[in-house]
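Descriptive analysis of the structure
One letter stands for each residue in the lines below.
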Amino acid sequence: MTEPHILIVDDARDIREPLGAYLKAQGHRVSLAADAAAGRAAVQDGAIDLVVLDVMMPGENGLSLCRWLTARGGPPVILLTAMADEADRIVGLELGADDYVVKPFNPRELLARIRAVLRRVPGQPAASGDGPVIFAGWRYDPAARTVSRHGAEPISLTTAEVRLLSALVERPGQILTRDQLLDITQGREAKAYDRAIDNQVSRLRRKLEDDPKQPAIIVTEWGGGYRLAPTVTPDETP
């Protein structure tokens, strides 16, 4: 079966079930979960292509589940948030969520967001077409969604981090503005949150930089954007 498999995690039955029925009618496979524990089990049991995740749930909340999903390199996440919960939206993006939709929402809008995210991650990890590369002592493998140093365990990257790092690696030395990075990594199908790129850069720096407060790999160009400073070479290891 090639239809995208969407997991909806929401404790509100009057949202979860109608939304599931709508997405099925639009050609998606759908699994439903009423809480974070059931959502976690569904991800472990089946191939999930995208998770629609409510932030406010009793017990373990959606942000906790989002953290778990991104830490294990799980499927992309679209958060469902309340209008007033701007802090939750910011935290969710910092944790690696790919997008968010504010409740109450139009199912057609959510469907457009889902399709936009799936286009960016079409069943395979977002990747540079040239395979693994080396920069600043790091080996970046976009297909495996990892970065690693010689003799050390690979570090997993989230979907958003892979998109951003690929954009920078493919353009070493080039200054990319925030708007350019948003266009490259997210497209314009969805409304981009203006701090999304800054948050993603901060997460990448924590994984790549010896001193994230004084970055030497992903350099800030004040008034310009960001630039990958080191030289990038193909990994020719057999």
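Coordinates for the structure precede this section.
Residues numbered from 1 in each chain as written. Predicted model: local features only at pLDDT ≥ 70, side-chain atom pairs only at ≥ 80, totals over all residues. Heavy atoms only, no water.

1. A word on the overall build of the protein
As a reminder of what qualifies: Under the DSSP-based scheme used, a helix requires at least four consecutive residues in state H or I and a strand at least two consecutive residues in state E, with every element numbered from the N terminus. To sort residues, take the accessible area from a 1.4 Å probe on protein chains only and compare it with the maximum for the residue type: under 20% means buried, over 50% means exposed, and anything in between is partly exposed. A contact between two residues is defined here by any heavy atoms of the two lying within 4.5 Å. Exposure was quantified through the Shrake-Rupley algorithm and a 1.4 Å probe, taking into account, for residues, occlusion by the shown protein chains and nothing else.
Assigned secondary structure in the protein consists of eight helices and twelve strands. Within the protein, the fraction of its 238 residues that count as buried is 50%. For the protein, restricting intrachain contacts to residue pairs at least 6 apart in sequence, the fraction spanning at least 24 positions comes to 58%. Approximately 11400 Å² of the protein is accessible, and the part contributed by carbon and sulfur atoms is 50%.

2. Focus on empty space enclosed by the protein
Under the convention used in this document: Put plainly, a pocket is an open set of points on a 1 Å grid over the protein atoms alone with protein on both sides within 12 Å along at least five of seven lines, a cavity is a set where a 1.4 Å probe fits but cannot get out, and a lining residue has an atom within 4 Å of a point. Grid points are joined across faces, edges and corners, and a volume is the space filled by probe spheres set on the points. Gly is placed with the polar residues, together with every amino acid not listed as nonpolar (Ala, Val, Leu, Ile, Met, Phe, Trp, Tyr, Cys and Pro) or charged (Asp, Glu, Lys and Arg).
Going through the model one piece at a time under the given rule, you end up with three cavities of 30 Å³ or more. Taken as a whole, the second largest cavity encloses approximately 50 Å³ of empty space. Surrounding the second largest cavity, Leu69, Thr70, Gly73, Gly74, Pro75, Pro76, Val77, Gly96, Asp98, Arg145, Thr158 and Thr159 form its lining. Looking at the lining of the second largest cavity residue by residue, the class counts come to four nonpolar, six polar and two charged.

3. Thoughts on the nonpolar core
Formally: Here, nonpolar core means buried Ala, Val, Leu, Ile, Met, Phe, Trp, Tyr and Cys residues that are tied together by side-chain atoms lying within 4.5 Å of each other.
Counting 25 residues, the largest nonpolar core has Phe135, Tyr140, Leu165, Val169, Leu181, Leu208 and Ile218 as its most contacted members. For this core, the elements supplying multiple residues, two or more each, are β6 (133-135), β7 (138-141), α6 (159-169), α7 (178-186), α8 (196-208) and β11 (225-228). Considering each element in turn, this core owes the most residues, six residues, to α6. In this structure, Leu53, Met57, Leu65 and Val102 belong to the second largest nonpolar core, which totals 22 residues.

4. Here we look at the sheet that holds strand β9 (residues 155-156)
What counts, and what does not: Pairs of strands are assigned from DSSP output, requiring at least two bridges between the strands.
One open sheet accounts for five strands, arranged β9-β8-β7-β6-β12; its pairing is antiparallel. The open sheet has two free edges, formed respectively by β9 and β12 (233-234), since each of these has just one partner strand.

5. Let's talk about the sheet that holds strand β4 (residues 77-82)
In any sheet, the strands associate via hydrogen bonds between backbone groups, in a parallel or an antiparallel arrangement. To keep things clear, this is the line we draw: Between N-to-C directions, angles span 0 to 180 degrees; the directions come from axes that are lines fitted to C-alpha atoms, helices contributing only their stretch in contact.
Sheet architecture is open: five strands sit in the order β2-β1-β3-β4-β5, paired in parallel fashion. Only two strands of the sheet have a single partner each, and these edge strands are β2 (29-33) and β5 (99-103). The average angle at which neighbouring strand axes cross in this sheet is 20 degrees, direction not considered. The sheet contact formed by strand β1 (residues 5-9) and strand β3 (residues 50-54) spans four bridges and is parallel. For Leu7, the partnering residue across the bridge sits in β3 and is Val51.

6. As for the layout of surface pockets
Space inside the second largest pocket adds up to approximately 150 Å³. Lining the second largest pocket, in full, are Arg67, Thr70, Ala71, Glu94, Leu95, Thr158, Glu161, Arg203, Arg206 and Lys207. Considered class by class, the residues forming the lining of the second largest pocket number two nonpolar, two polar and six charged.

7. Details of the environment of Ala82
Relative to the assigned elements, Ala82 resides in strand β4. What Ala82 contacts, discounting residues up to four positions off in sequence, is Arg89 and Val102.

8. Observations concerning the packing of aromatic side chains
Note the threshold: Centres within 6.5 Å are what make two rings of Phe, Tyr or Trp a pair, Trp counting through its six-membered ring; a difference in plane orientation under 30 degrees is then read as stacked, over 60 as edge-to-face, and the rest as tilted. The criterion for a charge sitting over a ring is simple: Lys NZ or Arg CZ within 6 Å of the ring centre, and within 35 degrees of the ring normal.
In this structure the tally under the stated criterion is zero aromatic pairs. Geometry around Trp68 places Arg40 over its ring, the cationic atom sitting 4.7 Å from the centre.

9. Quick word on the pairing of β4
A large share of β4 lies buried, amounting to five of its six residues. With four bridges connecting them, β3 and β4 associate as parallel partners. Bridging from a neighbouring strand, Asp54 pairs with Leu80 of β4. For β4 and β5, the ladder comprises five bridges, and the chain directions are parallel. Along β5, the bridge assignment pairs Ile78 with Asp99.

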